[in-house]
Amino acid sequence: MASVVASAAPRASSSGGPGAELRGFKEVQRLAYDCAEAVAAQLKPGVTEREAARMQREWLRRRGVRDWFHLPFAWFGDRTAFTGFRIPLQFFPTDRALEPGMPFILDLAPVHRGFTADVGYSGCLGPSPLHDKLVTDLREHRELILREVRERRSLREVYEDVDRLMVRQGYANRHRAYPFGVIAHKVDRVRERRWAPTVFGFGAQALKGLLSDAVHGHREGWSPLWSPYRFSDHPPQPGLWAVEPHLGFRGTGAKFEELLVVTDSKDPQESAFWLDDDLPHVRRWAA
């Protein structure tokens, strides 16, 4: 797996180097969000999670995607808050059918031209003041995460502060239901292969790279998983992180997921930044 160079000023490059790398990640992230918005616009009562996941796969395959960090997920109703989730198999799409007023989450992680994205899109089939409030309150989490990463706080500390903010807002932490309780994970380039198998829903090449990062990081005292546990008690490693704070309230869940760039710059503004501010949830907040 090729590594991303997170230099002191990655946004300043116009050709080659870190700037070109970041443009590749930005393009695939936008492709993923375009897919989520296109599929969300087609959802209607009676569509199942499995059908919504298939719609995402087919939309992306028509645009050249052949590999994945993970295959698309779809969660409807109280499954958006991971109600009753105990084992990893419960994350996979089911025959739960969408109904009027139901919240939904589309989660997809395509690999395109060797670049990876992992995005989460929250919506609702019809008006829902509760869902609107959850999505609005996620804005504060995006701001908190960026601010504290720039302060070089440890991943574990930032996680705990996100937890405390959720409690103040009156919500439950639902990303804690993910394997290892992660709020984020590191992403990197993935070598393109003619054959791109998946293992338990994850792309074999991307999974191999994440495991390699875990072994390498363990030797150096860092982890590619951003969790509430001791192995995340270190500042964020330079590179790209797919970050997904996930709020839950009485059977309704909402989240965003997008790429955060961390560099080794001494300039706070360049030490960390969201890869793209023109994303659906950011536009919602601006509106």
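One can find the structure itself at the top, above this paragraph.
No experiment lies behind these values; they were computed from the predicted model shown.

Asker: Could you give an account of the overall build of the chain, naming the residues involved and the relevant values?
Answerer: Helix and strand content of the chain: seven helices and 14 strands. Against the compact-globule benchmark of 19 Å for 287 residues, the chain has a radius of gyration of 18 Å, which places it among compact chains. Dimensions of the chain, computed from C-alpha atoms along their principal axes, come out at roughly 50 × 45 × 35 Å. Counting only residues that meet the buried cut, the chain has 55% of its 287 residues in that class.

Asker: So what's going on with the nonpolar core? Which residues, and what values?
Answerer: Counting 65 residues, the largest nonpolar core has L106, I145, W226 and L260 as the members making the most contacts within it. When residues of this core are assigned to their parent elements, the largest contribution, ten residues, is made by helix α1 (residues 17-42). In this view, L260 contacts I145, L146, V149, W226, G239, L240, W241, V243, F273 and W274; residues no more than four positions away in its chain are not counted. Within the second largest apolar cluster, 15 residues are counted, among which are F73, V111, Y178 and L210.

Asker: How would you summarise the environment of F69 if you had to cite specific residues and measurements?
Answerer: Of note, F69 is situated in strand β1 (residues 67-76). For the pair formed by F69 and T198, sequence separation is 129 residues and the distance between their alpha carbons is 8.8 Å. The residues touching F69, leaving out its near neighbours within four places in the chain, are A109, V111, T116, D118, H185, F202, G203, A206 and L210.

Asker: Lay out the packing of aromatic side chains in plain terms, naming residues and giving numbers.
Answerer: A full pass over the atoms with the stated rule returns 15 aromatic pairs. Seen in terms of ring centroids, Y229 and F231 are 6.2 Å apart; in terms of plane orientation they differ by 40°. Their pairing is tilted. The class of Y229 is partly exposed, set by a relative accessible area of 39%. F231 gets classed as partly exposed once you look at its relative accessible area, which sits at 36%. Three or more aromatic residues link up through ring pairs in this structure, and these residues are F73, W75, F82, F85, F91, F92 and Y178. Taking NZ or CZ as reference, R63 lies 3.7 Å from the ring centre of W59, over its face.

Asker: Now, about the pattern of salt bridges: what can you tell me, with residues and values included?
Answerer: Pairing between side chains becomes possible if they bear opposite charge and their charged atoms approach one another. Under the defined criterion, the tally for this structure stands at 23 salt bridges. One salt bridge connects K255 with D107, and the closest N-O pair in it is separated by 2.4 Å. Placement of the pair is K255 in strand β12 (residues 252-255) and D107 in strand β2 (residues 103-112), with a sequence separation of 148 residues. Residue K255 shares its accessibility class with D107, and that shared class is buried. Salt-bridge contacts for R139 lead to E143; the nearest nitrogen and oxygen are separated by 3.5 Å. Taken together, the residues span about one helical turn, with R139 and E143 both in helix α3 (residues 129-150) at a distance of four residues. Salt bridges here are not isolated pairs; linked through shared partners, they connect E148, E151, R153, E157, D161 and R164.

Cut-offs and rules
- All residue numbers here refer to positions counted from 1 along the written sequence of the relevant chain.
- For this predicted model, a pLDDT threshold of at least 70 governs which residues receive local features, and a threshold of 80 or more governs which side-chain atom pairs are given and counted, while totals over whole chains, interfaces and linings are taken from all residues.
- Note: side-chain values were computed over all heavy atoms of the structure, leaving out hydrogens and water.
- Note on conventions: DSSP H or I runs of at least 4 residues are helices, E runs of at least 2 residues are strands, and numbering of each starts at the N terminus.
- Taken over C-alpha atoms, the radius of gyration is set against a globule rule of 2.2 Å times the number of residues to the power 0.38.
- Any residue under 20% of the maximum accessible area for its type is buried, any over 50% is exposed, and the rest in between are partly exposed; the area is computed with a 1.4 Å probe on protein chains only.
- Among buried residues, those of type Ala, Val, Leu, Ile, Met, Phe, Trp, Tyr and Cys that are joined through side-chain atoms within 4.5 Å constitute a nonpolar core.
- Working rule for contacts: check all heavy atoms of both residues, and any pair within 4.5 Å makes them a contact.
- Each pair of aromatic rings taken from Phe, Tyr and Trp, with Trp reduced to its six-membered ring, is defined by centres within 6.5 Å and is described as stacked if the planes are under 30 degrees apart, edge-to-face if over 60, and tilted in the remaining cases.
- Two thresholds decide whether a charge sits over a ring: the Lys NZ or Arg CZ must be within 6 Å of the ring centre and within 35 degrees of the ring normal.
- One side-chain nitrogen of Lys or Arg within 4 Å of one carboxyl oxygen of Asp or Glu is enough to make a salt bridge.

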